[in-house]
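Working through the structure, step by step
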Amino acid sequence: HPNAPPRTDPAGVLHATTTFFTTQLNPSASPPISHNSSLPWTISSNPDPMSLHSPPASHHNTEVTHLLQDYITFKSQIRNLKSGKATGPDGLANETLKWAPDHLHSLTFSLLQLLWKTQHTPSHWMQSITTLLYKKGDITDLSNYRPIAMANTLGKLWTGYICRAVNRFTERHHILSTTQEGFRADKNCHRQLRNLINSIEDAQLNHKNIFLLYIDLVSAFNTVNHTRLNQILQLL
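So, how was this worked out
- Residues numbered from 1 in each chain as written.
- Predicted model: local features only at pLDDT ≥ 70, side-chain atom pairs only at ≥ 80, totals over all residues.
- Heavy atoms only, no water.
- Helix = DSSP H or I, 4+ residues; strand = E, 2+ residues; numbered from the N terminus.
- Buried < 20%, exposed > 50% of the residue type's maximum accessible area, 1.4 Å probe, protein only.
- Contact = heavy atoms within 4.5 Å.
- Core = buried A, V, L, I, M, F, W, Y, C linked by side-chain atoms within 4.5 Å.
- Patch = residues over 30% accessible without salt bridge, like charges linked within 9 Å, V, L, I, M, F, W, Y side chains within 5 Å.
- Areas by Shrake-Rupley, 256 points an atom, 1.4 Å probe, with all protein chains shown as cover.
- Salt bridge = Lys/Arg side-chain N within 4 Å of Asp/Glu carboxyl O.
- Expected span 1.5 Å × (residues − 1).
- Phe/Tyr/Trp six-rings, centres within 6.5 Å; stacked < 30°, edge-to-face > 60°.

**Points about the overall build of the protein chain**
Scanning the protein chain from N- to C-terminus turns up eight helices and two strands. Helices (α) and strands (β) of the protein chain occur, in sequence order from the N terminus, as α-α-α-α-α-β-β-α-α-α. Across the 236 residues that make up the protein chain, the buried fraction comes to 23%. Restricting to contacts in the protein chain with at least 6 residues of sequence separation, those with at least 24 account for 62%.

Next comes the structure, spelled out in structure tokens:
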């Protein structure tokens, strides 16, 4: 238990774990971003200023809706569901949905389009079963465990359906910074490593000093403030 002796009884283990991860997954509120003030990444005097571009808001819903109406892309998403994955609270395996008859796929596709038009997500689709994966180090230190949420299959299909359309939208309109390589199609860490090696070799060839800064953000996924994240998405 945080700041206390280890607990071994089931109820104590559950309480210690719940207390630790509830605190970790709820970062403190951040001050709101003002649309009128200069954003940190746009200030020209900063070392690496950048601009975030977004098409007119009137085109957003129309174009994303059009992308969501692509049944061929939806079928591709169904086919690419990974097999052998643990199920969520609904007990529905990816294989069941993947190998279902075409008319069920068509009905599911129509359902997702209806949900998009009504801006509704079924509440039970957002439920999940959380389990902890041990990483390394002291087994009594909860920070050495990684929480994994086993979500409902239809919920994952629904969020993936939206994510795929939004990704295509952002790439088409060049909204994201060109320096971001993670979680994007046709981009990867190898390209970033090559850029780093090129910089080092160039500095050595031209007898120039080079300064490198490596930052490892602890629990980066867990501690992102959702209010601030929503504000940045609105700015985009």
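**So, the nonpolar core**
Generally speaking, nonpolar side chains in soluble globular proteins are found buried as a group. F74, I78, L112, L157, W158 and Y161 are the most contacted members of the largest nonpolar core, which has 18 residues in total. With five residues, the top contributor of residues to this core is helix α6 (residues 153-172). In this structure, F74 is in contact with H105, T108, F109, L112, L157 and Y161, ignoring residues within four places of it in sequence.

**Considering a nonpolar patch on the surface**
A contiguous nonpolar patch, built from L193, L196, I200, I210 and L212 and spanning about 430 Å² of accessible area, is present on the exposed surface. You can call L196 partly exposed: its relative accessible area is 37%.

**Considerations on α6**
What sets the pattern is the α-helix's 3.6 residues per turn: residues three or four places apart point alike. If you check α6, its first and last C-alpha atoms are 28 Å apart, about what 20 residues at 1.5 Å a residue would give, namely 28 Å. Three or more residues of α6 are buried, namely T153, G155, L157, W158, Y161, A165, F169 and T170. Note on α6: the residue one or two positions beyond its end, H174, has a positive phi of about 55°.

**Overview of the packing of aromatic side chains**
Following the criterion strictly, the structure yields eight aromatic pairs and no others. Measuring from centroid to centroid gives 4.9 Å for F20 and F21, while their planes differ by 90°, and the two rings are edge-to-face. Judged by its relative accessible area of 7%, F21 falls in the buried class. Grouping aromatic residues by their ring pairs yields a cluster made of Y71, F74, F109, W158 and Y161.

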